[in-house]
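Close look at the chain arrangement
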Amino acid sequence: MKKLFVKTYGCQMNAYDSARIADLLAPLGYGAAVGPEDADMVVLNTCHIREKAAEKVYSELGTLRVLKEEKAGRGEAMLVAVAGCVAQAEGELMLRRAPVIDLLVGPQTYHRLPEMIARISRAGGKALEADFPALEKFDALPDAGARGLSAFLTVQEGCDKFCSFCVVPYTRGAEYSRPPEAVIAEAKALVAGGVREIVLLGQNVNAYRGEAGDGKSWSLARLCEALAQIDDLARIRYTTSHPRDMDDDLIAAHRDNDKLMPFLHLPVQSGSDAILAAMNRQHRAEDYLRTIGQVRAARPDIALSSDFIVGFPGESDADFEATMALVRQVKFAQTFSFKYSKRPGTPAAAAPKQISEGVKNERLQALQKLLLEQQDAFNDAAIGSTMDVLFEKPGRGRGQFVGRSPWLHPVHAEGKELIGKILPVKIIARTANSLKSVLE
Ligand code: 5AD
Ligand code: SF4
């Protein structure tokens, strides 16, 4: 058997794509490798969102080049593929800069990997694939096998919002929603394979507008309602949302759909209206706060999560203070925060008044301190309460298991064969990143 090692960078969308790449290559006889050392093929599934993404990939490629040469010395071959957004953005430049690469596939084309592998093994040389329509990609994929108890399911890709700091609209292209029937069929297949929780994925997932066979357009709320009819599916989540697309019916679904979990990741990026305008976010701070108010009215216990960028070009002390004020007002359960970093080709990269690294660091530290206090307070508030946990994997200690609460707290408990079960536990303590519990 040949062995495949996929290294994933970045977002959940990429983790999902990596799992599909493994599915796709299984029929060619590729099983899982432990690392690049014992792999016949290495795929770097790259992401452009993180800082210095391309540099990290090039550095990894340097390491792989040495490994490939060592293997060649022993008469062993190793294929190196780069997939994802960095591959898309760098294109042929990447093949020239890193000749170790055998295959380059963009986010829309990884379903062609088997064919590309066949082609280079027949003819030798390098393979490069650019854009293909999203529909072809989805239809060409094999049905996802069950992988664990919680599975990602992509329902929407791309983004038309063009936030001025972001590359996604350029690398992932225009918004596209899968037809609801295809999503429901895939969800049923996942559940038949043992999945209990489905996380609906999309760069702009709440902008979902899937066209059904009868020509009707489905919202995300309607899709969640249909998925809730699948008996053995216990939990539905979705990510990532845009504040502008937080429609009334989705908010109502948080009240009415029991399987929709009380957790919302809704990036705000900044609390300053001037910065939000410069970011082209198409909402003001008060719009965000109003939406949060509506969501909380529908589901008072909902846990809130967000993304923040500090040091966007032109951000003054007062702008940053507005972000801190918004955070104090909302109280988040869990968050991601970043220093602004230039993405080539985006409007903000060319903006005047770039902020110094020193100021960015100070602001990020202050924001993260506040966010961590809120996260700890959120987790502390759980102590003493009883909640249902979906146990997903063994913990570190003997007889220990880890799972998630409805609010996405990681929860530990001791017991026998808990994996796959949803059980009530009593929370007894908080550690740095998780909760300790005992079975009820
Ligand atoms: N600089 C810093 N953070 C960014 N993000 C996206 N682009 C940039 C950038 N140029 C962050 C945003 C987004 C998250 C996925 O990554 O906060 O919501
Ligand atoms: Fe990027 Fe903005 Fe689209 Fe999110 S909404 S993917 S940040 S352009």
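Each remark here, short or long, concerns the structure printed above.
Residues numbered from 1 in each chain as written. Chains lettered and ligands numbered in written order. Predicted model: local features only at pLDDT ≥ 70, side-chain atom pairs only at ≥ 80, totals over all residues. Heavy atoms only, no water.

It is at 8 Å that the axes of helix H10 (residues 248-256) and helix H12 (residues 285-298) come closest, and there the two elements cross at 25 degrees. It follows from the interaxial angle that H10 and H12 lie roughly parallel. For the pair H10 and H12, the sense of crossing is right-handed. In this structure, H10 contributes Ile251, His254 and Arg255 to the contact, and H12 contributes Gln294, Val295 and Ala298. The residue makeup of the contact of H10 with H12, split by class, is three nonpolar, two polar and one charged. (Axes fitted to C-alpha atoms, helices over the stretch in contact; angles between N-to-C directions. Helix = DSSP H or I, 4+ residues; strand = E, 2+ residues; numbered from the N terminus. Parallel < 35°, antiparallel > 145°, perpendicular 65-115°, else oblique. Left-handed = near helix turned anticlockwise from the far one by under 90°. Contact = heavy atoms within 4.5 Å. Nonpolar A, V, L, I, M, F, W, Y, C, P; charged D, E, K, R; others polar.)

It is worth spelling out unusual backbone geometry at this point. Residue Thr240 follows Thr239 across a cis peptide bond; omega there is 5 degrees. Tracing the backbone through its elements, the reader meets Thr240 in the loop between strand S13 (235-239) and H10. With a phi close to 55 degrees, Phe162 is a non-glycine residue in the positive phi region. Structurally, Phe162 is set in the loop between strand S8 (156-157) and helix H7 (168-171). Despite not being glycine, Glu417 has its phi angle at roughly 45 degrees, a positive value. As for its placement among the helices and strands, Glu417 is situated in the loop between strand S19 (410-414) and strand S20 (422-430). Of the residues examined, Glu417 reaches a relative accessible area of 66% and is grouped as exposed. (Buried < 20%, exposed > 50% of the residue type's maximum accessible area, 1.4 Å probe, protein only.)

Moving on, we get to the sheet that holds strand S15 (residues 303-310). Ordered in space as S14-S15-S16, the three strands form an open sheet in which the pairing is parallel. Edge positions in the sheet fall to strand S14 (263-265) and strand S16 (334-339), since each has one partner strand and no second. For this sheet the average axis-to-axis angle between neighbouring strands, irrespective of direction, equals 10 degrees. Of the pairings in the sheet, the one linking S15 to S16 comprises six bridges and is parallel in character. Residue pairing across strands places Val310 opposite Lys339, the latter belonging to S16. (Pairing = 2+ DSSP bridges.)

Where burial is concerned, most of S13 is hidden: five out of the five residues are buried. Burial along S13 is two-sided: Arg235, Arg237 and Thr239 facing one way and Ile236 and Tyr238 facing the other are all buried.

Another point: the environment of Gly193. Note on placement: Gly193 falls in the loop between helix H8 (180-192) and strand S10 (197-201). Linking Gly193 and Ile117, residues 76 residues apart in sequence, is a C-alpha distance of 29 Å.

Our next topic: helix H13 (residues 317-330). Along its 14 residues, H13 runs 20 Å from first to last C-alpha, staying within 8% of the 20 Å computed at 1.5 Å per residue. Where H13 is concerned, the buried positions are Asp319, Phe320, Thr323, Met324, Leu326, Val327 and Val330. Summarising the axial view, the buried residues of H13 lie within an arc of 160 degrees, below the 170-degree limit, and thus occupy one face. Relative to its buried face, H13 has exposed residues pointing more than 90 degrees away, namely Asp317, Ala318 and Gln329. Close packing links the buried residues of H13 with helix H11 (273-278), H12, S15 and helix H14 (357-380). Two residues or fewer past H13, Lys331 is found with a positive phi of approximately 65 degrees. (Expected span 1.5 Å × (residues − 1). Arc of directions from axis to C-beta.)

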